Amino acid sequence: MKHTISILLAFLLSTITYAQFAGEWQGKLAMGQAELTLVFKFAQQDSAVTGTLDVPQQGAKNLPIDKIVVNSNNIALVISAIGFNYEGTFNENNSIIEGSMSQNGYTFPLVLKPNIKVNRPQTPKSPFPYFQEEVVVVNAKDGNKLTGTLVKPLMMNSNTPVAVLVSGSGQQNRDEELMEHKPFWVIVDYLARNGIATLRYDDRGVGGSDALGLATATTETFKGDALAMVNYLKENGMKNIGVIGHSEGGLIAFMLGAEVEDLNFVVSLAGTAVSGDQILIEQNRMLLEKSEVPTEIVNSYCELLKEIYAIKRSNTQFDRESKITELRNKYSYLPLQMTGNIATLLQPQAWIDYFISYDPTEALKNIGCRVLALNGDKDVQVIAKQNIDALKQHIPAEQLTTKIYPDLNHLFQHCTTGMPNEYYQIEETISPEVLKDIINWIKAK
């Protein structure tokens, strides 16, 4: 999400000069076993200082700081949109800021240090031994225009394997860029250097792609966008077409595998193979457990989610305000942060309402091509065993190849805990072993 920066600045000239204050400052917020990286960006503009906050692990960029007060060696920041406050003090040589942040009634220590840019060694660098072609594709169902890049190996012909890449949930560019990683760009580069073509595209509403109907878009909508890419390849003479999908993109790959009769292969990277309500409940359970939340609280919150999702899946009319009150009273022993979002969860939301209601079982049973399903055993967003077991139950063994990698997370990075807060901190974008396995499997037939 992009934010318009509008800063109301209050300041006093002090021993801290603007030049010392300007730049990027980074701090790590410790919450149990988890760490959340915060990046403040301050700039001197004549007689004023402006600032924004990034939270890379949550995909938040350029959150506007409403108020910045510098007085002597002290600094105070306010970000009203998220109820965020920070107060800190520069040390003697102005090299660090020691302080604390508060939000939702909780206070945490937060030390800020000058930001050091992260390293992403796998991000491809030129020269590139393959062709790249910008393409524009239209979703025939609603007329939405999508832009992407067709990457072709030097020895490309109509029988060369070519894969459409489909990203996970949330709007992302054609590189599936998040937290300064570009997983799809890394995959595309590796495949092209090994003789496999790809077509990747900006999600609806991102980059050069139009945003028609984005507010009410669902997985079904995004499946239509991916299908448009498959049809584009067919129309341009490609005969060996597959789909590589990550997370929700893996689910879309399964859907296309069932609907497109002449699709040649499907590669699922942590694709979801059970209904969305099961995915989200287990995801919350795992995240809370790894954050050292007491077991009884975890179980109760998951029961609350189960009730809410059941209400939404039923598609029956209900008095929303009465239901909110009823659930808040029933689960009043839970922390306020957990019951405080009941109202939001019960609101109609097109994407989430479709996702929690969709059961992929029939699609899995009807997939007509071979399937490679890869998962990391430390993935806390799409639980490996839960989804691999579902695939094995519904897809014939001779058609399905699965693999669960030890110590890999949802992005297929080697990790310690698997928690999302690690994604940004890890230099590796995707395990080389995963890349090799994709190549070998595609080429095996």
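Residues numbered from 1 in each chain as written. Predicted model: local features only at pLDDT ≥ 70, side-chain atom pairs only at ≥ 80, totals over all residues. Heavy atoms only, no water.

**Quick look at unusual backbone geometry**
Note the threshold: The helix and strand labels rest on DSSP assignments: H or I over at least four residues marks a helix, E over at least two residues marks a strand, and numbering proceeds from the N terminus.
Residue P127 is reached from S126 by a cis peptide bond, and omega for that bond is 5 degrees. If you trace the backbone, P127 turns up in the loop between β9 (106-114) and β10 (130-138). The phi dihedral of A270 is positive, around 60 degrees, even though this residue is not glycine. Take A270: it is sitting in the loop between β15 (265-269) and α5 (276-290).

**What to know about the packing of aromatic side chains**
For the record, the criterion: The rule is short: rings of Phe, Tyr and Trp, with Trp giving its six-membered ring, pair when the centres are within 6.5 Å, and they are stacked under 30 degrees, edge-to-face over 60, tilted in between. Relative accessibility decides the category of a residue: with a 1.4 Å probe and only protein chains considered, values under 20% of the type maximum give buried, values over 50% give exposed, and everything between is partly exposed. Consider the ring centre and the ring normal. A charge sits over the ring if Lys NZ or Arg CZ is within 6 Å of that centre and within 35 degrees of that normal.
Tallying each qualifying case throughout the model produces nine aromatic pairs. Note on F40 and Y86: the rings are 6.1 Å apart at their centroids and 35 degrees apart in plane angle, and the pair reads as tilted. Taken together, the residues span a long stretch of sequence, with F40 in strand β2 (residues 34-45) and Y86 in strand β7 (residues 84-90) at a distance of 46 residues. Just as F40 is buried, Y86 falls in that class too. Aromatic ring contacts, followed pair by pair, group F40, F84 and Y86 into a single cluster. Geometry around W441 places R370 over its ring, the cationic atom sitting 4.1 Å from the centre.

**Remarks on the side chain of R174**
Worth spelling out the cut-off: In protein, a polar contact requires one atom able to donate a hydrogen and another able to accept it; more generally it is a pair of N or O atoms within 3.5 Å, and residues adjacent in sequence count only if both atoms are side-chain atoms. The contact rule is simple, with two residues in contact once any of their heavy atoms fall within 4.5 Å.
With respect to the helices and strands, the residue R174 is situated in the loop between β12 (162-166) and α2 (183-193). The buried category is assigned to R174, whose relative accessible area is 12%. Among the polar contacts made by the side chain of R174, one reaches the side chain of E134 at a distance of 3.0 Å. Within the local environment of R174, its side chain forms a polar contact with the side chain of T149, the two groups lying 2.7 Å apart. Contacts of R174, omitting those with residues within four sequence positions, involve E134, T147, G148, T149, F184, R200, Y201 and D202.

**Focus: the packing of helix α3 (residues 219-235) against helix α10 (residues 350-357)**
Using the following cut-off: Orientation is described by lines fitted to C-alpha atoms, with helices fitted over the stretch in contact, and by angles between N-to-C directions that extend from 0 to 180 degrees. Convention used here: angles under 35 degrees read as roughly parallel, angles over 145 as roughly antiparallel, angles from 65 to 115 as roughly perpendicular, and any remaining angle as oblique.
One can describe the packing of α3 onto α10 by two numbers: an axis separation of 8 Å at closest approach and a directional angle of 90 degrees. By the criterion of interaxial angle, the relationship of α3 to α10 is roughly perpendicular. Facing α3, whose interface residues are T219, E220 and F222, α10 presents W351, Y354 and F355.

**Re the sheet that holds strand β17 (residues 400-405)**
Formally: For two strands to be treated as a pair, DSSP must find no fewer than two bridges joining them.
Reading across from one edge, β10-β11-β13-β12-β14-β15-β16-β17 is the order of the eight strands in this open sheet, with mixed pairing throughout. The open sheet is flanked by β10 and β17, the only strands paired with a single partner. The sheet shows a mean angle of 20 degrees between the axes of neighbouring strands, direction not considered. Here six bridges tie strand β16 (residues 370-376) to β17, and the two strands are oriented parallel to one another. When the bridges of β17 are listed, G376 appears paired with Y405. In this fold helix α4 (residues 248-259) packs onto β12, β14 (241-246), β15 and β16, with an angle of close to 150 degrees to the strand it touches most, β14. On top of the sheet, helix α12 (residues 384-394) reaches β16 and β17; it is set at about 170 degrees to β17, its chief contact.

**Details of α12**
Just so we agree on the cut-off: By arc we mean the arc of the directions from the helix axis to the C-beta atoms, nothing more.
Where α12 is concerned, the buried positions are A384, N387, I388, A390, L391 and H394. Along the axis of α12, the buried positions cluster into a sector of 155 degrees, meaning they face one direction only. Away from its buried face, by an angle of more than 90 degrees, α12 presents the exposed residues K385, K392 and Q393. The elements touched by buried residues of α12 are α4, α5, α11 (361-365), β16 and β17.

**Description of a nonpolar patch on the surface**
Heads up, the condition is: Each patch is assembled from residues with relative accessible area greater than 30% and no salt bridge, linking like charges that lie within 9 Å and nonpolar side chains (Val, Leu, Ile, Met, Phe, Trp, Tyr) that lie within 5 Å. Reported accessibility uses the Shrake-Rupley method at a 1.4 Å probe radius. Residues are deemed covered only where the shown protein chains occlude them. A pairing counts as a salt bridge when a side-chain nitrogen of Lys or Arg comes within 4 Å of a carboxyl oxygen of Asp or Glu.
Among the surface-exposed residues, F131, L154 and M155 lie close enough to one another that they form a single nonpolar patch of about 380 Å² accessible area. Inspection of the secondary structure puts M155 in the loop between β11 (145-153) and β12.

**So, the confidence of the model for the chain**
The line we're drawing: Confidence per residue, as judged by the predictor, is encoded in pLDDT with a range of 0 to 100.
Averaged over all residues, the pLDDT of the chain equals 89, while 91% of them reach at least 70. Scored below 50 in pLDDT, residues 1-20 shows 55 contacts in the model against residues more than four places distant or in partner chains.

**Here's the deal with the pattern of salt bridges**
Pairing is possible between side chains that carry opposite charge, provided their charged atoms lie close to one another. Overall, the coordinates contain 22 salt bridges when judged by the stated rule. In this structure, the salt-bridge partner of D142 is R204, at a minimum N-O distance of 2.7 Å. In this pair, D142 is assigned in the loop between β10 and β11 and R204 in the loop between β13 (197-201) and α3, connecting sequence segments 62 residues apart. Of the charged contacts in the structure, one is a salt bridge between E326 and K323, with a shortest N-O distance of 3.3 Å. Placement of the pair is E326 and K323 together in helix α7 (residues 320-330), with a separation of three residues, close to one helical turn. Judged by its relative accessible area of 40%, E326 falls in the partly exposed class. Salt bridges sharing partners connect three or more residues here, namely E134, R174 and D202.

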